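Examining the three-dimensional arrangement
In case you want the letters, here they are:
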Amino acid sequence: QVQLVESGGGLVQAGGSLRLSCAASGSIFRINAMGWYRQAPGEQRELVATITRIGSTNYADSVKGRFTISRDNTKNTVYLQMNSLKPEDTAVYYCNADLRITLRYTYENYWGQGTQVTVSS
């Protein structure tokens, strides 16, 4: 019923930039918070950044000043602009959304399939 589809990952040299996008589609009534998480090989999934419906943001300390999260509520899309990338940013990046689908009255958490970001030194 609901899909979150990420795009924009790839291979980049250290110091470079990438922009990730995540579009939510399906029988969506309303989306509250959206966010990006990442998981490196052998590591646990960790929060990168979140954004509320009205635009309040939160960032992991490791990406503050380098990454910017934004969203377009008219398109049900969240973005992650990543600048000054470092090799330690290499991971699979996952989109997350807290949303309510039509015909239901509760909010549920959804994940995208992930997109690989690789930063070479």
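Residues numbered from 1 in each chain as written. Predicted model: local features only at pLDDT ≥ 70, side-chain atom pairs only at ≥ 80, totals over all residues. Heavy atoms only, no water.

Description of the overall build of the protein
Operational definition: Runs of E in the DSSP output that reach at least two residues are strands. Runs of H or I that reach at least four are helices, and both are numbered from the N terminus. In this treatment the radius of gyration is a C-alpha quantity, and the globule benchmark scales as 2.2 Å times the residue count to the 0.38 power. The contact criterion used is simple: two residues touch if any of their non-hydrogen atoms lie within 4.5 Å.
Regarding its fold elements, the protein presents zero helices and 11 strands. Ordered by position from N to C terminus, the α and β elements of the protein give β-β-β-β-β-β-β-β-β-β-β. Relative to its length of 121 residues, the protein is compact, with a C-alpha radius of gyration of 14 Å against a globular reference of 14 Å. Partitioning the intrachain contacts of the protein with sequence separation of at least 6 by distance along the chain shows that 56% fall at a separation of at least 24.

Comments concerning the packing of aromatic side chains
Operational definition: For Phe, Tyr and Trp, rings pair up if their centres lie within 6.5 Å, where Trp contributes its six-membered ring, and each pair is then called stacked (planes under 30 degrees apart), edge-to-face (over 60) or tilted (otherwise). A positively charged side chain is recorded as over a ring if its NZ (Lys) or CZ (Arg) lies within 6 Å of the ring centre. The angle to the ring normal must also be within 35 degrees.
Using the criterion set out here, one finds one aromatic pair in the structure. Directly above the ring of Tyr79 sits Arg19, whose terminal nitrogen or CZ lies 4.1 Å from the centroid. The aromatic ring of Trp111 is capped on one face by Arg45, whose charged end is 4.6 Å from the ring centroid.

Things to note about the sheet that holds strand β1 (residues 2-7)
Stated formally: Two strands pair if DSSP finds at least two bridges between them. In this description, a line fitted to the C-alpha atoms serves as the axis of each element, helices being fitted only across the stretch in contact, and the angle between N-to-C directions of two axes falls anywhere from 0 to 180 degrees.
Ordered by their spatial adjacency, four strands build an open sheet running β1-β3-β8-β7, and the pairing between neighbours is antiparallel. Of all the strands in the sheet, the pair left with one neighbour each is β1 and β7 (67-72). With direction set aside, neighbouring strand axes in the sheet form an average angle of 15 degrees. Both strand β3 (residues 18-26) and strand β8 (residues 77-82) contribute to a ladder of six bridges, which runs antiparallel.

With respect to the nonpolar core
Here is the rule: Among buried residues, those of type Ala, Val, Leu, Ile, Met, Phe, Trp, Tyr and Cys that are joined through side-chain atoms within 4.5 Å constitute a nonpolar core. For each residue, the accessible area found with a 1.4 Å probe, counting protein chains only, is set against the maximum for its type, and the residue is called buried under 20%, exposed over 50%, and partly exposed in between.
In this structure, Trp36, Leu80, Met82 and Tyr93 are the most contacted members of the largest nonpolar core, which totals 32 residues. Of all the secondary structure elements, the ones that give two or more residues to this core are β1, β3, β4 (28-39), β5 (46-51), β7, β8, β9 (91-101) and β11 (115-120). With six residues, the top contributor of residues to this core is β9. Apart from residues no more than four positions distant in its own chain, Met82 is found in contact with Gly16, Ser17, Leu18, Leu20, Arg66, Phe67, Tyr93 and Val117.

Focus: the environment of Tyr105
Positionally, Tyr105 belongs in the loop between β9 and β10 (108-111). In this structure the C-alpha to C-alpha distance between Tyr105 and Phe29, which are 76 residues apart in sequence, comes to 9.6 Å.

Brief notes about the pattern of salt bridges
Heads up, the condition is: One speaks of a salt bridge when a side-chain nitrogen belonging to Lys or Arg is within 4 Å of a carboxyl oxygen belonging to Asp or Glu.
Taken as a whole and assessed by the stated rule, the structure comprises five salt bridges. A salt bridge links Arg38 to Asp89; the shortest N-O distance between them is 2.9 Å. Remark: Asp89 occurs in the loop between β8 and β9 and Arg38 occurs in strand β4; sequence separation between them is 51 residues. Just as Arg38 is buried, Asp89 falls in that class too.

Remember, this is a structural readout, not a statement about activity or role.
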